[in-house]
Amino acid sequence: MKRTIWLLLLFLIGCHAGGPTDEAPEIAYGRDVCDACNMIIDEARFAASYVTTTGEVRKFESIEDMVSYHHDHEEAVHIFWVHDYDSEEWVRADKAFFIQSEDIQSPMGGGLFAAADETHAHRLADVWHGSVLTFTELMAGDVALHSH
């Protein structure tokens, strides 16, 4: 019986190893380093991440770093992640709405942050005098990113 359980566990681990995951990544804030700029990732509300189709996790200090890095490296991506600005919960980027405002200080200076739903994004855009974008618009380059 024990051997059967061990074989089953090894099989399940083997099936999952190396492939992409739909689970939100873990970032050790204050310790993990941004894949784009090599700075320490400090603020969850601006942090972003993606998982490649081969299962590699990329972590970023800001959404603009993630977008710029992806455009520069053109990796095949399984899933993109961003944080909701207020709750700091992970949200799939393709489900989120993005606010860009010169009135907010994001880590890389692009003034870009995300909201989990469109209504909330428009409220935040009103507060921060910004504009709302979809993930498709953001990735298509319909917005000027000011990261370094």
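A brief report on the enclosed structure follows.

Rules used in this analysis
Residues numbered from 1 in each chain as written. Predicted model: local features only at pLDDT ≥ 70, side-chain atom pairs only at ≥ 80, totals over all residues. Heavy atoms only, no water. Helix = DSSP H or I, 4+ residues; strand = E, 2+ residues; numbered from the N terminus. Contact = heavy atoms within 4.5 Å. Pairing = 2+ DSSP bridges. Axes fitted to C-alpha atoms, helices over the stretch in contact; angles between N-to-C directions. Phe/Tyr/Trp six-rings, centres within 6.5 Å; stacked < 30°, edge-to-face > 60°. Buried < 20%, exposed > 50% of the residue type's maximum accessible area, 1.4 Å probe, protein only. Lys NZ or Arg CZ within 6 Å of the ring centre and 35° of its normal. Core = buried A, V, L, I, M, F, W, Y, C linked by side-chain atoms within 4.5 Å.

A closer look at the environment of Met-39
Along the chain, Met-39 turns up in the loop between helix H1 (2-16) and strand E1 (48-52). Sequence separation of Met-39 and Phe-60 is 21 residues, and the distance between their C-alpha atoms is 8.9 Å. Setting aside its immediate chain neighbours within four residues, Met-39 contacts Asp-32, Val-33, Cys-34, Glu-61 and Met-108.

Quick notes on the sheet that holds strand E5 (residues 97-100)
In space, the 3 strands of this open sheet follow the order E6-E5-E7, with antiparallel pairing throughout. Where the open sheet ends on each side, the last strands, each with one partner, are strand E6 (112-115) and strand E7 (131-134). On average, each strand axis in the sheet is tilted by 35° relative to the strand beside it, whichever way the strands run.

Some remarks on the packing of aromatic side chains
Tallied over the full model, the rule gives 10 aromatic pairs. Here Tyr-50 and Tyr-69 contribute two aromatic rings whose centre-to-centre distance is 6.5 Å and whose plane-to-plane angle is 50°, an arrangement assigned as tilted. In this pair, Tyr-50 sits in strand E1 while Tyr-69 sits in helix H2 (residues 63-73), placing the two residues 19 residues apart along the sequence. For Tyr-50, a relative accessible area of 0% puts it in the buried group. Here the aromatic rings of Trp-81 and Trp-90 are separated by 6.4 Å at their centres, their planes lie at 75°, and the arrangement is edge-to-face. Three or more aromatic residues joined by ring pairs make a cluster, and in this case those are Tyr-50, Phe-60, Tyr-69, Phe-80, Phe-98 and Phe-135. One residue, Arg-45, lies across the ring of Tyr-85, its end atom 4.1 Å from the ring centre.

Here we look at the nonpolar core
Ile-63, Met-66, Phe-80, Val-82, Phe-98, Phe-135 and Leu-138 are the most contacted members of the largest nonpolar core, which has 25 residues in total. Taken together, the elements giving at least two residues each to this core come down to E1, H2, strand E3 (77-83), E6 and helix H4 (135-139). Counting residues per element, this core draws most heavily on H2, at 4 residues. Counting 10 residues, the second largest nonpolar core, distinct from the first, contains Phe-46, Ile-99, Ala-121 and Ala-125.

Brief notes about the sheet that holds strand E4 (residues 90-92)
With antiparallel pairing, 4 strands are arranged side by side in an open sheet as E2-E1-E3-E4. Looking along the sheet, the strands with just one partner apiece sit at the ends: strand E2 (57-60) and E4. Averaged over all neighbouring strand pairs, the angle between strand axes comes to 25°, with direction disregarded.

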